[in-house]
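What follows is each chain in one-letter form.
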Amino acid sequence: SNLSLQIRFILLQNRQGKTRLAKYYVPLEESEKHKVEYEVHRLVVNRDSKFTNFVEFRTHKVIYRRYAGLFFSLCVDITDNELAYLECIHLFVEILDHFFSNVCELDLVFNFHKVYLILDEFILAGELQETSKRAIIERMSELEKLE
Amino acid sequence: MSGMRGLSVFISDIRNCQNKEAERLRVDKELGNIRTCFKNDKGLTPYKKKKYVWKMLYIHMLGYDVDFGHMEAVSLISAPKYPEKQVGYIVTSCLLNENHDFLRLAINAVRNDIIGRNETYQCLALTLVGNIGGREFAESLAPDVQKLLISSSCRPLVRKKAALCLLRLFRKNPDVVNADGWCVLNTLLFQFIDVPFIFSSSYAYRADRMAQLLDERDLGVLTSSMSLLVSLVSNDYEGYSSCLPKCVKILERLARNQDVPQEYTYYGIPSPWLQVKTMRALQYFPTIEDPSTRRSLFEVLQRILMGTDVVKNVNKNNASHAVLFEALSLVMHLNAEKEMMSQCVALLGKFISVREPNIRYLGLENMTRMLMITDAQDIIKKHQPQIITSLKDPDISIRRRALDLLYGMCDVSNAKGIVEELLQYLSTAEFSMREELSLKAAILAEKFAPDLSWYVDVILQLIDNAGDFVSDDIWFRVVQFVTNNEDLQPYAASKVREYMDKIAIHETMVKVSAYILGEYGHLLARRPGCSARELFGILHEKLPTVSSPTIPLLLSTYAKLLMHAQPPDIELQKQIWNVFKKYESSIDVEIQQRAVEYFELSKKGAALMDVLAEMPKFPERQSSLIKKVEDVEDTADQSAIKLRAQQLPSNALVLADPQPVNGTPPPLKVPSISGIKLDHESASQTQSQPNGDLSKVQSQIPSADLLGEMVDPLAIEAPPVDMGSHQRVYREEDGIPDEVDGTAIVPIGDQANKVEPIGNITERFNALCLKDSGVLYEDPYIQIGVKAEWRGHHGRLVLFLGNKVTSPLTSVQALILPPAHLKLELSLVPDTIPPRAQVQCPLEVMNIRPSRDVAVLDFSYKFGTSMVVSAKLRLPAVLNKFLQPLQLTSEEFFPQWRSLSGPPLKLQEVVRGVRPLSLSEMENLFNSFRVTICPGLDPNPNNLVASTTFYSENTRPMLCLARIETDPADRTQLRLTVASGDSTLTFELKEFIKEQLIAIPMGSRALVPAVPVPAAPLAQPPSPAVDANDPGAMLAGLL
């Protein structure tokens, strides 16, 4: 049960705190999830853009990045490699951008189920699964044909 | 959104809601609709079912509780067509977690998809299991998943998912991968051969499999496999050494950008994530023995360290620095040659001054790590100004890193600068950081004070800036220093007097000021604004602002001010008497008692007042005392500096000193006043300790001279109170010496040459490990009792030295040999213990980090003229004293338990030779050393799970978990698993628990008994071996 190098959860939230995607790789109760989402939002929303992208969260660390009005947050262990996860967020955004061609928040709202599909190709078991943008985009078009 | 208009319409509706209330109405309406549809299940088309389940997920994401429909989501998993199946899998893995009962219903359907031939379904199933699979999944699916991982007919797409799925299952139950998963074929082959062979061969098999996976050319599969390897080796690296050279090869391939497809480079960097993972895996191997592998690795690392430039593109920059920081960690782990290490320090020095906040943060973080494992302190110190700048950074994340680093790098050479910065920062720091900050400042100030007046300044500033965050210990400590340092007293008094002019001061400041002005205010008498009356006036102004526990302290101060008023001040007396009279009827017993006592004393005890007023007339006595104190201070200071210079973690100043009884935080001496005639009525009312809980009444002061006792300067520190019972000896709940009867008196003439301890020292120590008071040592002449209080990583242990006989015990020496992980300070021990008297010597303990080493008290005394008795006694300041019981619920326990993976954070061991205990006896045993059993958490009735919190300065309060799996058929063995967030702690706690369980108690190696030393007139007790690294630990090891 080594979770020490694992992403605990991924959150996509807008500035108002609305959750656009939430994926938990550790078992949390519903009430706990709500608390986590509220706390993480409060933690990141008012941070200056000149600040670090890392902020301590309980006994862990949240690595976050803001794109327009959206915050992408990953919760990882304090000893984990911060910058690797920071770029992991960016790679995810590039994939979304490619998939939706110029992604905006509305794409993610109306196609939230696609976002979950993409995420499942990108991260599994809290670990990075595939880092090739091309591989993921190709996989997505394979899946779309099946629908 | 192919064909799901209903979903889009619903999302639009939600978006168009004007407010939260409207949104809720819309959601409720939709939920009602879905519920109705699900109830009339018959007419529901798969399409509609799918649509509703997506809506449920959306509603769930909005933050609403969706407490129905889980069954429908799960049932879609077994739908025959892909679109419904897909929804079933995705929504199930979002709505449910591994603990849901519904999930169990799906195991078969999921397994069918995994072993079926439809690749798409395999992927869906592997994804669900990888994301939310629990223990049951692990047990039933691991072999199937492993088959997919190593299958040559599966596409990389499936295999990378299988690798991570297997990783999840391994996390949930490491055994399945070992036994049934990774080496399933192997186990079958060898199951009739003896067990050790199976294990060793399966090891090789497993490692070979893993090593084969690392030959993978597809970087997607390789990335996933590398994560699997990290997890496996983090649990147990042994058996995976064949993977080591392969990892180095992969790293070489990536770092040199050989054969890396374009799609796996990120901003020109060959998969930075795979590079990071590979270097992480290497950090789980303790070392790399093969010289050529090691050389190749260092070449790559060197290339990374030197070849990483700062570039404009932020993504490229981050990615290359992700690799660089991982390389730094690996270099530190491998303990590279000096040259490479200094390259690392140089790099870090560069990073902490760059503008890019992330890099600066990581520079600080890694520098703190560097501090612990190399002797890079001197180079790091050069960066102090830069680090201090970071302490003022607007970003709290950076400030925290800077604080950690400053604390870690502080020593006597830079303490002044660092502590002053911390103080400055304290006034602006956010509340969440203040307590930590003030404690750190206080510790550093005390540890590394260049001079004591500076120490006083620091603590007073600390109280002034952040009184709410300054614990009592901190102000007790400053009082102790002031009391023991004559030179410091006027300075401290004038300092607190300055603070009293401030309009609003913290109550802690009132306390410390009242105490110091009561004792030493008279030293300022000639200064403006410092007459007794003025001091009273300014202190009394504060009285209405303080809480009732502080009032008794103020009353004591008033009594002292009155005594010191020179010449007697009738007006002041009137004012103070008025105060006493006012509080005579206080509902607070403590206040009432003091008011009554002080009033009666100052009124009726005119003789006493006279005696006290003449106090300054006894300079010889005072000076002789002071001289002794000074001697101690000199020696103490020197040894402390020496210790600091040697970078030893403990600089306990432990010296035997003949100064009578002084030195406890707010020390209070009540002289033995048997010679003074007092009104018996008032005496009988006065049974309390004048300074409340801050004080310990000393019933005996060693002195041959009654008059001397009465006029001892110490006497003014608290008016005498306990007149009725000067012979009263402490009556503690639990075995602490009571009034001693005469039975143990040994006539001097009859002394044998050997003094045997009474009772078994080891048993006494073992008992004290589990309780907080009792007898530590006893022989015919002395009894040493202990009473302890523990709070967090602090402890206060009082030694009660009781002379059992009718002649004095002289040349009493007590020396503490502290192990490296404890900071111990014993207050001064009197040179002589008068006949049948008892003295108390408080001992302050601070736990720096987890360790089972034991502190030793080297105790000796002289009886008569020829007999020297000495004993080395282990002190019950043991690991479990820094535990705080904590009972967890299963919701709290299990996530933590799972999140702590195998070694080094979680350690498991089969313990044999356990003394057979019933489960309830074992429960009691665990509870007795403060590892709390959490009943009912483990479904197996033969198992126990337990939790506790460990406190030390270095670890934060750290949750510790333990599981004991007993064998009902054989009570002498069990399997013990211990987990915590700190690897040393896990190990130490595991060993500690083992010691408690094993039949031979840990104290079996008998202690050195009290052996009489041939009476050499110059016999000296051994002096602390400061040159050894850790005298206490060494000694404890020898015992």
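Predicted model, so just to flag it, every value in this text is computed and none were measured.

For the rest of this paragraph, the subject is the overall build of chain B. Check the secondary structure of chain B and you find 42 helices and 17 strands. Expressed as a percentage of its 1039 residues, the buried residues of chain B come to 59%. Taking contacts inside chain B between residues at least 6 apart in sequence as the whole, the part at least 24 apart equals 70%. Counting only carbon and sulfur atoms, one obtains 53% of the accessible surface of chain B, whose full area is about 42100 Å².

Turning next to the interface of chain B and chain A. Between chain B and chain A, the contact holds 89 residues from the first and 69 residues from the second. For the pairing of chain B and chain A, the buried interface totals around 6900 Å² over both sides, and the portion due to carbon and sulfur atoms is 53%. Looking at the side of chain B facing chain A, the largest losses of area belong to Met61(B), Arg171(B) and Trp273(B), adding up to 12% of the total buried there. The interface formed by chain B and chain A holds 11 salt bridges in total. With a shortest N-O distance of 2.8 Å, Lys161(B) and Glu121(A) are connected by a salt bridge.

Right, let's get into the packing of helix 25 (residues 431-448) of chain B against helix 27 (residues 472-484) of chain B. Residue and element names in this part refer to chain B. Helix 27 packs onto helix 25 with a crossing angle of 20° between their chain directions and a minimal axis gap of 11 Å. One finds that helix 25 runs roughly parallel with respect to helix 27. Of the two elements, helix 25 crosses helix 27, and the hand of that crossing is left-handed. Listed contacts from helix 27 to Ser 438, Leu 439, Ala 442 and Glu 446 of helix 25 are Ile 474, Arg 477 and Phe 481.

Turning to the sheet that holds strand 5 (residues 70-76) of chain A, a few remarks are in order. Residue and element names in this part refer to chain A. Taken in spatial order, the 5 strands make up an open sheet running 2-1-5-4-3, and their pairing is antiparallel. Because the sheet does not close on itself, it has two edges, and the strands there are strand 2 (19-24) and strand 3 (54-57). Each neighbouring strand pair of the sheet contributes to a mean axis angle of 20°, computed without reference to strand direction. In this structure, strand 4 (residues 60-67) lies alongside strand 5, joined through 7 bridges in antiparallel fashion. Within strand 5, the position partnered with Val 62 by the bridge is Cys 75. Helix-sheet contacts for helix 2 (residues 82-100) involve strand 1 (9-14), strand 3, strand 4 and strand 5, and the interaxial angle to strand 4 is about 35°.

Our focus in this paragraph is the confidence of the model for chain B. Residues and elements named next belong to chain B. For chain B, the mean per-residue pLDDT works out to 77, and 78% of the residues sit at or above 70. Long-range and interchain partners of residues 611-753, a stretch whose pLDDT sits below 50, account for 299 contacts in this model, where long-range means more than four residues apart. Low pLDDT, under 50, characterises residues 1000-1039; the stretch is placed with 81 contacts to residues that sit more than four places away or in other chains. Note on the complex model: pTM 0.62, ipTM 0.98.

For the structure on display, the rule yields 28 aromatic pairs over all chains. Note on Trp577(B) and Phe599(B): the rings are 5.5 Å apart at their centroids and 85° apart in plane angle, and the pair reads as edge-to-face. Note that Trp577(B) is positioned in helix 32 (residues 570-583) and Phe599(B) in helix 33 (residues 589-604), a separation of 22 residues in sequence. Across the pair, Phe599(B) and Trp577(B) agree in class, each one buried. A centroid spacing of 4.0 Å and a plane angle of 25° characterise the contact between Tyr781(B) and Phe863(B), whose relative ring orientation is stacked. Of the two residues, Tyr781(B) sits in the loop between strand 3 (773-778) and strand 4 (782-791) while Phe863(B) sits in strand 9 (residues 856-863), which places them 82 residues apart along the sequence. Both residues of the pair, Tyr781(B) and Phe863(B), count as buried. Grouping aromatic residues by their ring pairs yields a cluster made of Tyr67(A), Phe72(A), Phe92(A) and Phe122(A). A cation sits over an aromatic face here: Lys440(B) above Tyr407(B), 4.9 Å from the ring centre.

On to the packing of helix 25 of chain B against helix 26 (residues 452-466) of chain B, then. All names here are of chain B. At their nearest, the axes of helix 25 and helix 26 sit 9 Å apart, and the two run at 170° to each other. Relative to helix 26, helix 25 is oriented roughly antiparallel. Residues Arg 434, Ser 438, Ala 441, Ala 442, Ala 445 and Glu 446 of helix 25 form the contact with helix 26, whose participating residues are Trp 454, Tyr 455, Val 458, Ile 459, Leu 462 and Asn 465. Here the residues of the contact of helix 25 with helix 26 sort into 8 nonpolar, 2 polar and 2 charged.

In a soluble, globular protein the nonpolar side chains are often hidden away together inside. Of all hydrophobic cores here, the largest spans 269 residues; its most connected members are Val110(B), Leu229(B), Leu301(B), Ile380(B), Ile387(B), Leu555(B) and Tyr558(B). Among the elements that line this core, the one with the most residues is helix 2 of chain A, at 13 residues. Among residues more than four places away in sequence, those in contact with Leu301(B) are Met279(B), Ala327(B), Leu330(B), Val331(B), Leu334(B) and Met340(B). Membership of the second largest hydrophobic core comes to 67 residues, among which are Ile784(B), Phe882(B), Val914(B) and Leu919(B).

Right, let's get into the environment of Phe882(B). All names here are of chain B. Turning to its location among the elements, Phe 882 is positioned in the loop between strand 10 (867-874) and strand 11 (883-885). As a C-alpha pair, Phe 882 and Pro 850 span 32 residues in sequence and 9.0 Å in three-dimensional space. Contacts of Phe 882, omitting those with residues within four sequence positions, involve Trp 790, Gly 792, His 793, Leu 822, Val 845, Asn 847, Ala 877, Thr 949, Phe 950 and Tyr 951.

All names here are of chain B. Among all positions in helix 40 (residues 919-928), only Leu 919, Met 922, Leu 925 and Phe 926 are buried. Buried residues of helix 40, viewed axially, fall in a sector of 115°; they line one side. Directly after helix 40, the chain includes Arg 930, whose backbone phi takes a positive value near 70°.

We now examine the side chain of Glu825(B). Within the secondary structure, Glu825(B) sits in strand 7 (residues 822-826). Polar side-chain contacts of Glu825(B) include one of 2.8 Å to the side chain of Arg477(B).

Turning next to the pattern of salt bridges. Residues and elements named next belong to chain A. All told, the structure shown has 78 salt bridges over all chains when counted by the stated rule. Its salt-bridge partner being Glu 105, residue Arg 20 comes within 3.1 Å of it at the nearest N-O pair. A residue pair is termed long-range when its members are at least 10 positions apart, and Arg 20 in strand 2 and Glu 105 in helix 3 (residues 105-110) qualify at 85 residues. The class for Glu 105 is partly exposed, based on a relative accessible area of 26%.

It is worth spelling out the sheet that holds strand 3 of chain B at this point. Residues and elements named next belong to chain B. The strand order across the open sheet formed by 5 strands is 3-4-5-8-7, and the pairing between neighbours is antiparallel. Both edges of this open sheet fall to strand 3 and strand 7, since each of them pairs with a single strand only. Neighbour to neighbour, the strand axes of the sheet diverge by 25° on average, direction disregarded. Sheet strands in contact with helix 38 (residues 761-770) are strand 3 and strand 4, and its direction is about 160° off that of strand 3.

Here we take up a nonpolar patch on the surface. Residues and elements named next belong to chain B. Taken together, the side chains of Met 71, Phe 102 and Leu 105 define a hydrophobic patch exposed on the protein surface, amounting to about 270 Å² of accessible area. Mapping Phe 102 onto the fold places it in helix 6 (residues 101-105). Residue Phe 102 is classed as partly exposed on the basis of its relative accessible area, which comes to 31%.

To continue, consider the environment of Ser231(B). Mapped onto the secondary structure, Ser231(B) falls in helix 14 (residues 219-235). Sequence separation between Ser231(B) and Tyr284(B) is 53 residues, and the spatial gap between their C-alpha atoms is 9.6 Å.

The next subject is the environment of Gln129(A). Inspection of the secondary structure puts Gln129(A) in the loop between strand 7 (127-128) and helix 5 (133-146). On the basis of relative accessible area, Gln129(A) is assigned to the buried category, the value being 0%. Excluding residues that lie within four positions of it along the chain, Gln129(A) makes contacts with Asp120(A), Glu121(A), Phe122(A), Ile123(A), Leu124(A), Lys160(B), Lys161(B), Leu164(B), Gly220(B), Thr223(B) and Ser224(B). Separated by 3.1 Å, the side chain of Gln129(A) and the backbone oxygen of Glu121(A) make a polar contact.

Mapped onto the elements of the fold, Glu30(B) is located in helix 2 (residues 20-39). Non-local contacts of Glu30(B), meaning those with residues more than four positions away in its chain, are made with Phe10(B), Lys55(B) and Ile59(B).

Rules behind the numbers
Residues numbered from 1 in each chain as written. Chains lettered and ligands numbered in written order. Predicted model: local features only at pLDDT ≥ 70, side-chain atom pairs only at ≥ 80, totals over all residues. Heavy atoms only, no water. Helix = DSSP H or I, 4+ residues; strand = E, 2+ residues; numbered from the N terminus. Buried < 20%, exposed > 50% of the residue type's maximum accessible area, 1.4 Å probe, protein only. Contact = heavy atoms within 4.5 Å. Areas by Shrake-Rupley, 256 points an atom, 1.4 Å probe, with all protein chains shown as cover. Buried area = accessible area lost by both parts, 1.4 Å probe. Salt bridge = Lys/Arg side-chain N within 4 Å of Asp/Glu carboxyl O. Axes fitted to C-alpha atoms, helices over the stretch in contact; angles between N-to-C directions. Parallel < 35°, antiparallel > 145°, perpendicular 65-115°, else oblique. Left-handed = near helix turned anticlockwise from the far one by under 90°. Pairing = 2+ DSSP bridges. pLDDT = per-residue confidence, 0-100. Phe/Tyr/Trp six-rings, centres within 6.5 Å; stacked < 30°, edge-to-face > 60°. Lys NZ or Arg CZ within 6 Å of the ring centre and 35° of its normal. Nonpolar A, V, L, I, M, F, W, Y, C, P; charged D, E, K, R; others polar. Core = buried A, V, L, I, M, F, W, Y, C linked by side-chain atoms within 4.5 Å. Arc of directions from axis to C-beta. Polar contact = N/O pair within 3.5 Å; in protein donor to acceptor, adjacent residues only side chain to side chain. Patch = residues over 30% accessible without salt bridge, like charges linked within 9 Å, V, L, I, M, F, W, Y side chains within 5 Å.

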